[in-house]
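Each chain is listed here by its residues.
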Amino acid sequence: MARWCYRHRLVVLVLWVGALFGLGTAGTSAGTDYSNVFSLPDTDSKQAYDLMAKAFPQSSGDTDTVVWRSSGDADAVTDTAVRSRIEPALEEIAGMRGVGEVVGPYGTKNAAQISRDGRTAFAQITFTDQANEVSKDLVQKVVDTAQGAEHDGLQVELGGQAITRIQEPPTGVSEVVGIAAAAVVLFLAFGSLFAMLLPIVVAITGVGSGMMATMLLSHVTNVPEVAPLLGSLIGLGVGIDYALFIVTRHRRGIQRGLEPEESAVRALNTSGRAVLFAGGTVCIALAGMLVMNLRFLDGVVIATSLTVVLSVLAAVTLLPALLGLLGPRVLSRKQRRKLASAGPDPAEASGPAARWSAYVQERPRSIAAMALVVMAVLALPVLSLRLGATDQGNNQESTTTRQAYDLLAEGFGPGFNGPLQVVVPGGADTTELVRTIRATDDVAQAAAAPPAGGITVIQVVPKTSPQSVGTDRLIDRLRDDVIPEAGVEAHVGGVTAVFKDFASVTGDRLPYFVGAIIGLGFLLLLIAFRSLVVPLTAALMNLIAAAASFGVLVAVFQWGWGTEFLGIGKEGPITAFLPVIMLSLLFGLSMDYQVFLVSRMHEEWVHTGDNARAVRVGLAETSRVINCAALIMICVFSAFVLSGDMEGAMAGIGLAAAVALDAFILRTALVPAAMHLLGRSNWWLPGWLEERLPHLAVEPAEPPAESPTGPDKDTGPNKDTGPVKTAEPVSTAEPEKSGTGGATVVHGFLRTVDGDPLAGASVTLVSRGGRQLDRVTSIADGSYIVSVPAPGAYTLAVTARGLASRAHHVTVGGGPLVYDVELTDDGAGLVN
């Protein structure tokens, strides 16, 4: 498929552009029909809601609030000076097209809309449409008209779902900022404008098509308003990262001497397979949310999974087409000139990555201890985690919705923004129940509305705010003590009660969800790496990462450490559905990094049987790409603080913290340190289990690159090291282990006469016919490993700057050959 997409690149581009514009046109024409369904079956609040819907059919439009308060020397809100300014504004709003009704406080039946001190009052505005369908122009006109009544000593603010629409930043701001930050990281990583654009284009295509498809699906199923935001958040992250993995492998192939088409095909056949596996893992983890049996999360699963699927599809089809358009220009000009003048130069691990890998090998205990201490400290706040819901009281202080919320709380009590409804069916006498509720601790007001359809609703205003622990305790007290003692059937409902039940059910089911996704990850890694310890380590790391990231989330959003600085409003409980979504995404993303890291270690282990070398080489060759991918995700996720949505900001900060901790502490420090300490037991698997497990090739071994021009230039005369001299045949070392014919390796260490490791030396394996088979550069500890296609006789050439070069005839058997080399001023000698 990759070759077909590469060769038919124009067809692929036309298909993707057509699909994107087709979905965009259809989505724009159909509009959106997002809905937030928080109610749960078999909960007390759901029964109260059903009874109220039957007795008191709600208006189809959204109801918002205008709040005004007189202060200082100003008159009370009932005085003529205030009414003469407020009433004309309310009449003008009532006459606007799209406004159904305005209920003010100045009628004899609405005296409860004026506070006891006479300083605060409110009016209710009912639109003809739901909040997401009310035009922003109408909302802005309502706000301007109401606030036009302000004067010295009279403050007017507005609250409600429709009003929040004019406070939202322009659509796409967070996405644009995230993409711009990712572009900077990609340019620094690749050094090429074209290579930097490839992941960006692929990610935008996948996310754009996913968002348009989600808009269409909102008309046939319940999709919450936060779902598109979460879909774009995860889609941009994985879309850019997946394309990054493939482009990195493609560039490395070209630098090793492959033709662009062959390099693209091999990149898709290796990294592309890993992308398919990683994308499937993310989708499976997201689908794990379905075990929670929460209708609200179903739409989130649909939006995020669909966006991930389309991002993966773009990475494995659109990306090879774009690679075909660019050809060798995927490399920078400097890299192309170097390739033309110096020949193929594989990008072997060196520099900081190799030095850090060697450092971890030397001090695994201290590094593991430091990493655990850091993660434990960050995880401490999670002990005070409290699930709940955000409301307009969490908005920034500068917003009119936050100020309206505060004015109502100040004038009518903090519980006024989240009243409870005690619903009594069957026409029972509620006099005694109302009296008992009024006498209950933490109850500010309680009044029964006239019965309708045999159902009585008692409006209960708590003394505490909707997000307070005291309000949660009051709900429990009403359900467990007050109502049973009154001897009547009643149910406690209202928005606050619904959110409390949602948080309770989520907390109760969360352990089962965590167990399901951890078990799934264990099974996948067990099959992929044929080991019990590797998946156990990964499961433990996932739990550590989750605890630490939630600790950061609690400290920022629940404790308020930096909320105003970040511009995300007031602290409050963590949104109830967020842990489920974050755990799903964290599981999927950490699996990506785990597979990418451990697959290289596993490949080295299979070739050499040396655990220390496997861990060292695997970390040295993958840490740079993992860190680069993580940095991109951190930029994308952090940018969603600018989304204007509290849930989006929570998800962005939480996932950015999770990715940072996972990539920079767990995968590049704690995991390799632990694997060094565990030694060969990392790869232990009982024989009976080995026979029963299916085989899953996550990423097949990449064939050794062949230079189209014959042996590499370094095997010939070298002006720095002198000509390569042909040595007399020498005795070959015995293979490390015997086996049947097939591909194997030659590996060992390069050292100076003083015993110091020699890094940066070139080791080339050449066939007897003079064809280069593999060429590598020794890493920081002087080790090297070259691939051998089959047992037989070969020439091994070793060159190093400032030292004479020499070639050796080696005979390779059925297993890996250990061949250590000592370089001197006079040549190279075998020291095995």
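Remember, predicted model here, so these are calculated numbers, not experimental data.

The next thing to look at is the overall build of the chain. When you go through the chain residue by residue, the secondary structure sums to 23 helices and 20 strands. Here the chain holds 832 residues, and the buried ones make up 56% of them. Taking the intrachain contacts of the chain between residues at least 6 apart in sequence as the baseline, contacts between residues at least 24 apart amount to 77%. Carbon and sulfur atoms make up 57% of the accessible area of the chain, which amounts to about 34,300 Å² in all.

Here we come to the sheet that holds strand 9 (residues 491-493). Pairing is antiparallel in the open sheet, where four strands are placed in the order 7-8-6-9. The strands lining the two open edges of the sheet, one partner per strand, are strand 7 (443-448) and strand 9. Taking the axes of each pair of neighbouring strands and ignoring which way they run, one obtains an average angle of 25° across the sheet. The pairing of strand 6 (residues 420-424) with strand 8 (residues 456-462) spans five bridges and is classified as antiparallel. Each bridged residue has a counterpart across the sheet, and for V422 the counterpart in strand 8 is I458.

Further remarks concern empty space enclosed by the protein. To find leftover empty space, a probe the size of one water molecule is rolled over the atoms. Throughout the structure, instances matching the rule amount to four cavities of 30 Å³ or more. Volume-wise, the largest cavity comes out at about 110 Å³. Forming the walls of the largest cavity are 12 residues, and the residues nearest its centre are F245, A274, A278, D592 and F596. When contributions to the lining of the largest cavity are tallied by element, the ones reaching two or more residues are helix 8 (226-255), helix 9 (260-287) and helix 20 (578-608). In terms of residue count, helix 9 provides more of the lining of the largest cavity than any other element does, five residues in total. Residue composition of the lining of the largest cavity, by class: eight nonpolar, two polar and two charged. When its volume is computed, the second largest cavity comes out at roughly 70 Å³. Considering the residues around the second largest cavity, the lining is formed by V514, I517, I518, N542, L543, A546, L583, L586 and F587. Every element with two or more residues in the lining of the second largest cavity is listed here: helix 17 (495-529), helix 18 (533-558) and helix 20. Across the lining of the second largest cavity, the residue classes tally to eight nonpolar, one polar and no charged.

Here is a general trend for soluble globular proteins: nonpolar side chains tend to be buried in one another's company. Counting residues in each nonpolar core, the largest one holds 159 residues, and the members touching the most others are M289, L297, F557, I632 and F637. The element contributing the most residues to this core is helix 22 (residues 646-678), with 19 residues. Beyond its immediate sequence surroundings of up to four residues, M289 is in contact with L297, V300, V301, F513, V580, I581 and S584. Within the second largest apolar cluster, 29 residues are counted, among which are V66, W68, V77 and L138.

Under the counting rule described, the total for this entry stands at seven aromatic pairs. Aromatic pair W356 and Y359: ring centres 5.7 Å apart, planes at 25°, arrangement stacked. Here Y359 and W356 lie together in helix 12 (residues 352-362), a separation of three residues that amounts to about one turn. These aromatic residues form a ring-pair network of at least three members: F122, F412 and F416. For R9, the ring lying beneath its charged end belongs to Y6, and the centroid distance is 5.4 Å. Note that R329 overlies the ring of F194, its terminal NZ or CZ placed 5.6 Å from the centroid.

Caution is warranted with low-pLDDT regions, since their predicted coordinates should not be read in detail. Chain-level statistics for the chain give a pLDDT mean of 81 and a share of 89% at 70 or above. When mean pLDDT is compared element by element in the chain, helix 13 (residues 364-379) scores highest at 94, while strand 11 (residues 725-726) scores lowest at 34. In this model residues 701-740 is a low-confidence stretch, pLDDT under 50, and it forms 84 contacts with partners more than four residues away in sequence or in other chains. Every residue in residues 826-832 is under pLDDT 50, and counting partners more than four places away or in other chains gives 20 contacts.

Once that is clear, we can look at unusual backbone geometry. One non-glycine residue, D442, lies in the positive phi region at around 70°. With respect to the secondary-structure elements, D442 resides in the loop between helix 15 (431-438) and strand 7. Residue D442 is classed as partly exposed on the basis of its relative accessible area of 25%.

In this structure the tally under the stated criterion is zero disulfides. Free of any disulfide, C635 has its nearest neighbouring cysteine sulfur in C628, separated by 9.6 Å.

Right, let's get into the side chain of H491. By the element assignment, H491 lies in strand 9. For H491, a relative accessible area of 8% gives the class buried. A distance of 2.8 Å separates polar atoms of two side chains, one belonging to H491 and the other to D44. Among all residues touching H491, those that are not within four sequence positions of it are D44, Q47, A48, L51, Q421, V422 and V423.

This part covers the sheet that holds strand 2 (residues 99-103). Through backbone hydrogen bonds, the strands of a sheet pair up, either in parallel or in antiparallel fashion. Overall, antiparallel pairing links the four strands, which are arranged 2-3-1-4 in an open sheet. Edge positions in the sheet fall to strand 2 and strand 4 (154-159), since each of these pairs with one other strand and no more. Within the sheet, the average angular offset between the axes of one strand and its neighbour, ignoring direction, is 20°. Note: strand 2 against strand 3 (residues 120-127), four bridges, orientation antiparallel. Bridge pairing links V99 to F127 in strand 3. Helix 4 (residues 80-94) rests against strand 1 (63-70), strand 2, strand 3 and strand 4 of the sheet, and its axis sits at about 155° to strand 2. Of the strands in this sheet, strand 1, strand 2, strand 3 and strand 4 touch helix 5 (residues 136-147), which is tilted by about 160° from strand 4.

Definitions and limits used
- Residues numbered from 1 in each chain as written.
- Predicted model: local features only at pLDDT ≥ 70, side-chain atom pairs only at ≥ 80, totals over all residues.
- Heavy atoms only, no water.
- Helix = DSSP H or I, 4+ residues; strand = E, 2+ residues; numbered from the N terminus.
- Buried < 20%, exposed > 50% of the residue type's maximum accessible area, 1.4 Å probe, protein only.
- Contact = heavy atoms within 4.5 Å.
- Areas by Shrake-Rupley, 256 points an atom, 1.4 Å probe, with all protein chains shown as cover.
- Pairing = 2+ DSSP bridges.
- Axes fitted to C-alpha atoms, helices over the stretch in contact; angles between N-to-C directions.
- 1 Å grid on protein atoms, 1.4 Å probe; cavity = no way out; pocket = protein on both sides within 12 Å on 5 of 7 lines; lining within 4 Å.
- Points joined across faces, edges and corners; volume = space filled by probe spheres on them.
- Nonpolar A, V, L, I, M, F, W, Y, C, P; charged D, E, K, R; others polar.
- Core = buried A, V, L, I, M, F, W, Y, C linked by side-chain atoms within 4.5 Å.
- Phe/Tyr/Trp six-rings, centres within 6.5 Å; stacked < 30°, edge-to-face > 60°.
- Lys NZ or Arg CZ within 6 Å of the ring centre and 35° of its normal.
- pLDDT = per-residue confidence, 0-100.
- Disulfide = S-S within 2.5 Å.
- Polar contact = N/O pair within 3.5 Å; in protein donor to acceptor, adjacent residues only side chain to side chain.

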